[in-house]
Amino acid sequence: MEANGGPGDPPAERGSPGLTPEEGARARAEFAALHGPALRASGVPERYWGRLLHKLEHEVFDAGEMFGIMQVEEVEEESEGEAAREVRRKKPNPGSELCYKVIVTSENGLQAANPNSIFLIDHAWTCRVEHARQQLQQVPGLLHRMANLMGVEFHGELPSAEAVDLVLEEMWRFNQTYQLSHGTAEEKVPVWYIMDEFGSRIQHSDTPSFATAPFFYMPQQVAYTLLWPLRDLDTGEEVTRDFAYGEADPLIRRCRLLPWVPADMLDVSSSTPEPPDQHYQAILEENKEKLPLAISPVAYPRDHVFRVYTDVQQVLGHLTHPRFTFTQSEADADILYNFSHFKDYRRLSQERPNVLLNQFPCENLLTVKDCLASIARRAGGPEGPAWLPRTFNLRTELPQFVSYFQQRERRGQDNHWICKPWNLARSLDTHITRSLHSVIRHRESTPKVVSKYIESPVLFLREDVGKVKFDVRYVVLLRSVKPLTLFVYDVFWLRFSNRPFALDDLDDYEKHFTVMNYDPEVVLKQVHYDEFIPEFEKQYPEFPWKSVQGEIFQAFTELFQAACAKPPPLGLCDYASSRAVYAIDLMLKWDDRPDGRRVMQPQILEVNFNPDCERACRYHPTFFNDVFSTLYLDEPSNCHVSRLV
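Everything quoted here is computed from the prediction, not taken from an experiment. (Residues numbered from 1 in each chain as written. Predicted model: local features only at pLDDT ≥ 70, side-chain atom pairs only at ≥ 80, totals over all residues. Heavy atoms only, no water.)

Draft legend 1. Layout of the overall build of the protein chain. Secondary structure summary: the protein chain contains 21 helices and 26 strands in total. Seen along its three principal axes, the alpha-carbon backbone of the protein chain occupies a region of about 90 × 65 × 45 Å. Sorting the 645 residues of the protein chain into buried and exposed places 52% on the buried side. The long-range fraction of contacts in the protein chain, counting pairs at least 24 apart against all pairs at least 6 apart in sequence, stands at 69%. If you average the places of the 69 positive and of the 93 negative side-chain charges in the protein chain, the two averages end up 5 Å apart. (Helix = DSSP H or I, 4+ residues; strand = E, 2+ residues; numbered from the N terminus. Buried < 20%, exposed > 50% of the residue type's maximum accessible area, 1.4 Å probe, protein only. Contact = heavy atoms within 4.5 Å. Lys, Arg positive; Asp, Glu negative; His and termini not counted. Charge placed at Lys NZ, Arg CZ, Asp CG, Glu CD.)

This is the structure we're talking about:
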């Protein structure tokens, strides 16, 4: 404990002139202005802020003066049953189990009221999940340190594949996460970190003695974990934290604590019926979307030339139809074709009911992954329809998912899953895993769904590579909700993986993902639909593309019928001035029917609003003329579209 200075006053640093009281107060005020919101959100009491600033400025790591790490050995009991011994043998560290505890060693104990009772914990390893394997293989000493910290056996100097795999599995019992609130989509992808040996030895308790929180110190651009007491502690008392901090629901707590406290969840139902109406009402409010008033459809004269206001460059560059002209003035426009989402439909319907739009109120029910899964249950019941991989919302359906995972595990069924953020494109922060612990922990970062990974995809033989995964993108045009009027563009687009498919190397992006067009380093394989169809039929002669496509279109029809089956906010809003273009990405998987037939079952992966139409425009220059004629002129003939509904 420092003796100089009043409570909360940083003492003058040794060997440097001290701050005057005014300078100290100003420094603390600046610190509070910059970091106060984050500290308050983490529940760090203000009495600690002054000393925290001092410790951050001078990199004071004084936990060693207050705490010690104690090694506890769990010896194999004579009376231990064979099953328990088998579990122990399968652990990464067989033999006597080493367990660590952190205890208060200061002879005066620790007082929560003391402004100095806040401590910095350093981070031993920080990474994004997709870089973890590469870092363990390449960063000198990292694998060794992590193996020691996690109790993983490690022999020899060179990173063995086995040791790397064990650390990648075990790390979900040690990882913590934060994300930056500013920057590009890539920079906002959650960061995972492992506290140093001291922080990682702090054990779980349902009645913890301490709290921890990640903290990003802006002036140095460094992340630490803060540790502070929740009560007074005597010498010898254990330092614990709640690994499911803030979770009051006992069932979800059991699920969240599974990585540390094994539990059998098979008694929980894995059924996921469609959420109640208020779930959709809450989403509408969260999106700050205001529903329109009912209006009559607009009738424009047959020769009317529409003034289009848009910020979509591909439209500006490729819409050349004589009945459309561009205007710089939003107020003069007949059509608003916006890249971003409208929010206040009510005002539009009151002030400018005649203005046509390129989106529907409540269309997030299609374009956001958790909503897509819940409305699809209207077509397929609680398990979802055959055309959507089994999907759980990790925020609201975690117990059901854990139960389903454990049921599949017990039956020896494939248990590969893919974790996706609700609302990020381009496969960002998307992870394939067989680890239940990994899925459970991913729930702590951004809102995510977890979907069954397609373990038996229909593959395409690339002469240069071998049999790879591919996905197909169709563009659909929604003309109206009531009556439901839906077209599909006759051209479709293909994307391919760059490496032969196998259910291994789950973090090998070029083997498991098809989105290659955003990384300049990666080869992008282009095959046009009219070359693809004959090649596909050559590879799968018993599956003519026309019949495969018929199944795909049936799935699209059922999806839009489900999305329009209920009034808003439970379904898409029937707004007479709305039109929309969506891209639907799908794959094909092998499915065995009860009669023994193998069929290709379409699997819808996602629905995108305002999709990137660069390839469409490059190879089909009339694309936007076709889209605008179909949606705004009601002249679909000769526009390369087919009517689905």
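Draft legend 2. A look at the pattern of salt bridges. Applying the stated criterion across every chain, the model contains 37 salt bridges. For Asp-595, the salt bridge goes to Arg-597, with nearest N and O atoms at 3.1 Å. Classification of Asp-595 as exposed rests on a relative accessible area of 55%. Glu-614 serves as the salt-bridge partner of Arg-618, at 3.0 Å between the closest nitrogen and oxygen. On the criterion of helical spacing, the pair formed by Arg-618 and Glu-614 is a turn pair, its members being four residues apart in helix 20 (residues 614-619). Judged by its relative accessible area of 45%, Arg-618 falls in the partly exposed class. One salt-bridge network, held together by shared partners, links Asp-471, Arg-473, Arg-495 and Asp-585. (Salt bridge = Lys/Arg side-chain N within 4 Å of Asp/Glu carboxyl O.)

Draft legend 3. Seen up close, the environment of Leu-227. Along the chain, Leu-227 falls in strand 9 (residues 222-229). Owing to a relative accessible area of 0%, Leu-227 belongs among the buried residues under this scheme. In this structure the C-alpha to C-alpha distance between Leu-227 and Ala-213, which are 14 residues apart in sequence, comes to 7.0 Å. In contact with Leu-227, other than residues within four places in its own chain, are Phe-67, Ser-117, Ile-118, Phe-119, Ile-121, Phe-198, Ile-202, Phe-210, Ala-211, Thr-212 and Val-239.

Draft legend 4. Spotlight on the sheet that holds strand 9. In space, the three strands of this open sheet follow the order 3-9-8, with antiparallel pairing throughout. Edge positions in the sheet fall to strand 3 (119-121) and strand 8 (210-217), since each has one partner strand and no second. Averaged over all pairs of adjacent strands, the angle between strand axes in this sheet comes to 35 degrees, irrespective of strand direction. Relative to strand 9, strand 3 runs antiparallel, the two being bridged by three bridges. (Pairing = 2+ DSSP bridges. Axes fitted to C-alpha atoms, helices over the stretch in contact; angles between N-to-C directions.)

Draft legend 5. Seen up close, helix 14 (residues 369-380). Compared with an ideal rise of 1.5 Å per residue, which puts twelve residues at 16 Å, helix 14 spans 16 Å between its outermost C-alpha atoms and is within 8% of the ideal. The buried fraction of helix 14 is high, at nine of twelve residues. Of the positions making up helix 14, those classed as buried are Lys-369, Asp-370, Cys-371, Leu-372, Ala-373, Ser-374, Ile-375, Ala-376 and Arg-377. The first or second residue beyond helix 14 is Gly-381, which carries a positive phi of 75 degrees. (Expected span 1.5 Å × (residues − 1).)

Draft legend 6. The arrangement of the packing of helix 1 (residues 21-41) against helix 2 (residues 49-57) in detail. Taken N-terminus to C-terminus, the directions of helix 1 and helix 2 make an angle of 100 degrees; their axes are 10 Å apart at the nearest point. If you check the angle between helix 1 and helix 2, you find them roughly perpendicular. Contact residues: helix 1 offers Ala-27, Arg-28, Phe-31, Ala-32, Gly-36, Leu-39 and Arg-40, while helix 2 offers Trp-49, Gly-50, Leu-52, Leu-53 and Leu-56. In terms of residue class, the contact of helix 1 with helix 2 is made up of eight nonpolar, two polar and two charged. (Parallel < 35°, antiparallel > 145°, perpendicular 65-115°, else oblique. Nonpolar A, V, L, I, M, F, W, Y, C, P; charged D, E, K, R; others polar.)

Draft legend 7. View of the packing of aromatic side chains. Inspection of the entire model under this criterion finds 46 aromatic pairs. Arranged with centres 5.6 Å apart and planes meeting at 65 degrees, the rings of Phe-392 and Phe-401 form a pair that is edge-to-face. There is no split in this pair, since Phe-392 and Phe-401 are both buried. Centre to centre, the rings of Phe-543 and Trp-590 are 5.4 Å apart; their planes meet at 70 degrees, and the pair counts as edge-to-face. Of this pair, Phe-543 sits in the loop between helix 18 (529-539) and helix 19 (545-563) while Trp-590 sits in strand 24 (residues 580-592), placing them 47 residues apart in sequence. Note on Phe-543: relative accessible area 13%, which makes it buried. The class of Trp-590 is buried, set by a relative accessible area of 16%. (Phe/Tyr/Trp six-rings, centres within 6.5 Å; stacked < 30°, edge-to-face > 60°.)

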